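Geometric and topological summary
Now for the letters of each chain:
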Number of protein chains: 2
Amino acid sequence: MTTIQADAPVATLINVFTVEPARQAELVAALNQATEQLFVGIPGFVSANIHASLDGARVVNYAQWASPEHFQAMLQRPDAQQHMGEIMRIADNTEPRLFIVCATHSVSAATTPPAGR
Amino acid sequence: MTTIQADAPVATLINVFTVEPARQAELVAALNQATEQLFVGIPGFVSANIHASLDGARVVNYAQWASPEHFQAMLQRPDAQQHMGEIMRIADNTEPRLFIVCATHSVSAATTPPAGR
């Protein structure tokens, strides 16, 4: 289970993959395998959450790293680059970006106030 | 706080907004306001989590609805359409899609097995 909180000490990576619907399941499997085999063991990894769009055209990895620096250090690793290269042979495009959680709103808990922006 | 779980009975909406960096904060504020004033009270709303990219060019709403039908019903409401129209006067583009959570991976808990795809 992953939690989203406005004040959590994590860097949030949201990576949007564009994919042919016929290859969406293959991309999901490749992301799950790469995460289990490699990314969970890299320093600073907190979580990865693999999502498949109902229309088949997107896969989103909602991931959390301990800091932007941990994420940037991971990008420099040859083993991570190899896994990402394999994933990009399945996906048509990848759009990874780091985010901050500005606010969370929920019917089951109090709203978290915006965190400074 | 929002939780991401592979077996949760929710429809996940990931809405990626493209925005001029100079207007990112304005877009975040508009989404927070619309959520608090309207969306939290609409039947089927579970959560909304507003994210701002560090590069300024994107805002992502990671939201949860009780079902795809609840989300589709919301889209038909005139009050929701009005709020979304106001948001689209700030954003350059919006790409809303419904997703399922295929798998979650975490260093702090056991990995959830892929949910059928």
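Keep in mind the model is a prediction, meaning the values are calculated, not measured.

1. Digging into the pairing of strand E5 (residues 93-106) of chain B
Relative to E5(B), strand E3 (residues 45-53) of chain A runs antiparallel, the two being bridged by seven bridges. Opposite Ile50(A), over in E5(B), you have Ala103(B) as the bridge partner. In terms of strand pairing, strand E2 (residues 11-18) of chain B meets E5(B) through seven bridges, oriented antiparallel. Paired with Leu13(B) across the strands is Leu98(B), a residue of E5(B).

2. Section: the interface of chain A and chain B
Taken together, the 45 residues of chain A in the interface contact 45 residues of chain B. Here chain A meets chain B over a buried area of about 4,100 Å², counting both sides, of which 59% is carbon and sulfur. Between chain A and chain B we count four salt bridges in total. Here Arg97(A) ties to Asp55(B) by a salt bridge, and the two come within 2.7 Å at their closest N and O atoms. Between chain A and chain B we count 22 residue pairs in polar contact (both at pLDDT 80 or more) in total. Put simply, the parts of the chain that give the side of chain A that touches chain B at least two residues each are strand E1 (2-4), strand E2 (11-18), helix H1 (24-37), E3, strand E4 (58-65) and strand E5 (93-106) of chain A. Here the element with the most residues in the side of chain A that touches chain B is E5(A); it accounts for eleven residues.

3. Details of the side chain of Arg58(B)
Within the secondary structure layout, Arg58(B) lies in strand E4 (residues 58-65). A relative accessible area of 13% means that Arg58(B) is categorised as buried. Once residues within four sequence positions are removed from consideration, Arg58(B) is found in contact with Glu95(A), Arg97(A), Phe99(A), Val16(B), Phe17(B), Thr18(B), Val19(B), Gln24(B), His51(B), Ala52(B) and Ser53(B).

4. As for the sheet that holds E5(A)
One closed barrel accounts for eight strands, arranged E2(A)-E4(A)-E3(A)-E5(B)-E2(B)-E4(B)-E3(B)-E5(A); its pairing is antiparallel. With direction set aside, neighbouring strand axes in the sheet form an average angle of 35°. Packed onto the sheet, H1(A) meets E2, E3 and E4 of chain A together with E5 of chain B and runs at close to 170° relative to E3(A).

5. A look at the relation of the copies chain A and chain B
With an RMSD of 0.0 Å, the operation that places chain A on chain B is a rotation of 180° combined with a shift of 0.0 Å along the axis. Each copy turns onto its partner about a two-fold axis. It is Thr3(A) whose C-alpha, among those of chain A, lies nearest the rotation axis, at 2.2 Å. In this assembly the copies share their binding face: 100% of the residues contributing to the interface of chain A also contribute to that of chain B.

6. Regarding empty space enclosed by the protein
Applying the stated criterion to the full structure yields one cavity of 30 Å³ or more. As a volume, the largest cavity reaches approximately 50 Å³. Around the largest cavity, the lining residues are Ile14(A), Val16(A), Glu95(A), Arg97(A), Phe99(A), Val16(B), Arg58(B) and Val60(B). Of all elements in the fold, only E2 and E5 of chain A together with E4 of chain B reach the threshold of two or more residues within the lining of the largest cavity. Grouping the amino acids of the lining of the largest cavity by side-chain chemistry returns five nonpolar, no polar and three charged.

7. Looking at the packing of aromatic side chains
Taken as a whole and assessed by the stated rule, the structure comprises five aromatic pairs over all chains. Ring geometry for Tyr62(A) versus Tyr62(B): centroids 5.1 Å apart, planes at 55°, classification tilted. Here Tyr62(A) is found in strand E4, whereas its partner Tyr62(B) is found in strand E4 on a different chain. Tyr62(B) sits in the buried class, given a relative accessible area of 0%. Considering the side-chain rings of Phe45(B) and Trp65(B), the 5.6 Å spacing of their centres and the 90° angle between planes classify their relative orientation as edge-to-face. One end of the pair, Phe45(B), is in strand E3 (residues 45-53); the other, Trp65(B), is in strand E4, and 20 residues separate them in sequence. Both residues of the pair, Phe45(B) and Trp65(B), count as buried. Linked through ring pairs, Phe45(A), Trp65(A) and Phe71(A) together constitute an aromatic cluster.

Cut-offs applied
- Residues numbered from 1 in each chain as written.
- Chains lettered and ligands numbered in written order.
- Predicted model: local features only at pLDDT ≥ 70, side-chain atom pairs only at ≥ 80, totals over all residues.
- Heavy atoms only, no water.
- Pairing = 2+ DSSP bridges.
- Helix = DSSP H or I, 4+ residues; strand = E, 2+ residues; numbered from the N terminus.
- Contact = heavy atoms within 4.5 Å.
- Buried area = accessible area lost by both parts, 1.4 Å probe.
- Salt bridge = Lys/Arg side-chain N within 4 Å of Asp/Glu carboxyl O.
- Polar contact = N/O pair within 3.5 Å; in protein donor to acceptor, adjacent residues only side chain to side chain.
- Buried < 20%, exposed > 50% of the residue type's maximum accessible area, 1.4 Å probe, protein only.
- Axes fitted to C-alpha atoms, helices over the stretch in contact; angles between N-to-C directions.
- Least-squares fit on C-alpha atoms with pLDDT ≥ 70 in both.
- 1 Å grid on protein atoms, 1.4 Å probe; cavity = no way out; pocket = protein on both sides within 12 Å on 5 of 7 lines; lining within 4 Å.
- Points joined across faces, edges and corners; volume = space filled by probe spheres on them.
- Nonpolar A, V, L, I, M, F, W, Y, C, P; charged D, E, K, R; others polar.
- Phe/Tyr/Trp six-rings, centres within 6.5 Å; stacked < 30°, edge-to-face > 60°.

By themselves, these observations are geometric and do not establish any function.
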